[in-house]
Amino acid sequence: MKRKYIAILAAFAAMTVLAACSDKEKDKASESSVSTHESSAAETSEEAEEETQPDPLDPNRATEAEKEPETEAVTESEEATDDEDATEAETEPQSEVPVDENGAVVIEPEAELSDDELMNAAQTLYENACRVNWNYHVGCPYSLDYESYVENELGWQFFLVTADGVDSVADVEADYFKVFSEKYGSDLSELYIESDGRVYAFDGARGMDIYYEGSQIKSIKERSDGEIVFEVEHSYSGSDILGEGRHTETSEFSAVISEDGTWRAGLFTLPY
């Protein structure tokens, strides 16, 4: 009987021990699960922080940050280059017009020129015509002896031309017609006179119109095989005579074309 009682007590104690061990294992498993969950949550939180708040000392991040402004700089540089190219294209000078040693324009007879090229050639001839007309009408292109002079019927003084080979009005006109066409003649006989086999120049120097700013060939008005007529626009900042402010005036200018392709000034008015 005692043995039976002892056996029952031993069995009950064993069951109690087993139950306690089972509870401990459950507690451990629960703690492990909680620890694992917390660890996973902490890792997730760290990853989120890395994504939303990158480390400023991270070399990879620094490299990426430097790449963006570099790309913008390249784009700005390309845009600046494009702007420079556009400016160069806009300000590209017109092609040089061939002229002879006197200033007459020389174009190959068989050359086919566009309207812009014709106006460009006319602009060059016009500017040379202004220079030559001024030199012969206002002042004198030749050396003069101001101690030797003659007077006309109005008492104007004409001074002796001392340049070699210039001894008559015809010699003066021959030089003038190297740039101007003979088609429209000249008024040089009013400014140069002959006396005793010599030629004398009036040399009536004056100042240029202070309001004159420039002249530009604007259009082609008429054309034929031997002559092209252009419209010229003259710009002035004011006027003493009419009391005007800034304004423009127009006139006709023509290029008389010889068979060898030489252009000489025909219709012409000195704008200043």
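In this text the structure is predicted, and so the values were computed from the model without any measurement.

Caption draft 1: Molecular detail of the pattern of salt bridges. A full pass over the atoms with the stated rule returns 5 salt bridges. One salt bridge connects R246 with E213, and the closest N-O pair in it is separated by 2.6 Å. Within this pair, whereas R246 is found in the loop between strand 7 (227-236) and strand 8 (247-257), its partner E213 is found in strand 6 (residues 212-223), the two being separated by 33 residues in sequence. We note a salt bridge from E252 to K221, for which the minimum N-O separation is 2.9 Å. Placement of the pair is E252 in strand 8 and K221 in strand 6, with a sequence separation of 31 residues. On the basis of relative accessibility, which here comes to 43%, the residue K221 falls in the partly exposed class.

Caption draft 2: Local environment of the nonpolar core. F180, Y192, F230, F253 and W263 are the most contacted members of the largest nonpolar core, which totals 46 residues. Among the secondary structure elements, those contributing two or more residues to this core are helix 3 (115-137), strand 3 (157-161), helix 4 (169-176), strand 5 (198-201), strand 6, strand 7, strand 8 and strand 9 (262-265). With 11 residues, the top contributor of residues to this core is helix 3. With residues up to four places along the chain from it excluded, the contact list for F253 reads A122, L125, Y126, A129, I217, I228, V229, F230, V232, A265, L267 and F268.

Caption draft 3: How the structure looks around the packing of helix 3 against helix 4. The geometry of helix 3 relative to helix 4 is characterised by a closest axis approach of 11 Å and an angle of 160 degrees between their N-to-C directions. As summarised for this structure, helix 3 and helix 4 are arranged roughly antiparallel, according to the angle between their axes. The crossing of helix 3 and helix 4 is right-handed. Of the residues in helix 4, those in contact with V132, N133, Y136 and H137 of helix 3 are V172, D175 and Y176. Per-class residue counts for the contact of helix 3 with helix 4 are 4 nonpolar, 2 polar and 1 charged.

Conventions adopted
Residues numbered from 1 in each chain as written. Predicted model: local features only at pLDDT ≥ 70, side-chain atom pairs only at ≥ 80, totals over all residues. Heavy atoms only, no water. Salt bridge = Lys/Arg side-chain N within 4 Å of Asp/Glu carboxyl O. Helix = DSSP H or I, 4+ residues; strand = E, 2+ residues; numbered from the N terminus. Buried < 20%, exposed > 50% of the residue type's maximum accessible area, 1.4 Å probe, protein only. Core = buried A, V, L, I, M, F, W, Y, C linked by side-chain atoms within 4.5 Å. Contact = heavy atoms within 4.5 Å. Axes fitted to C-alpha atoms, helices over the stretch in contact; angles between N-to-C directions. Parallel < 35°, antiparallel > 145°, perpendicular 65-115°, else oblique. Left-handed = near helix turned anticlockwise from the far one by under 90°. Nonpolar A, V, L, I, M, F, W, Y, C, P; charged D, E, K, R; others polar.

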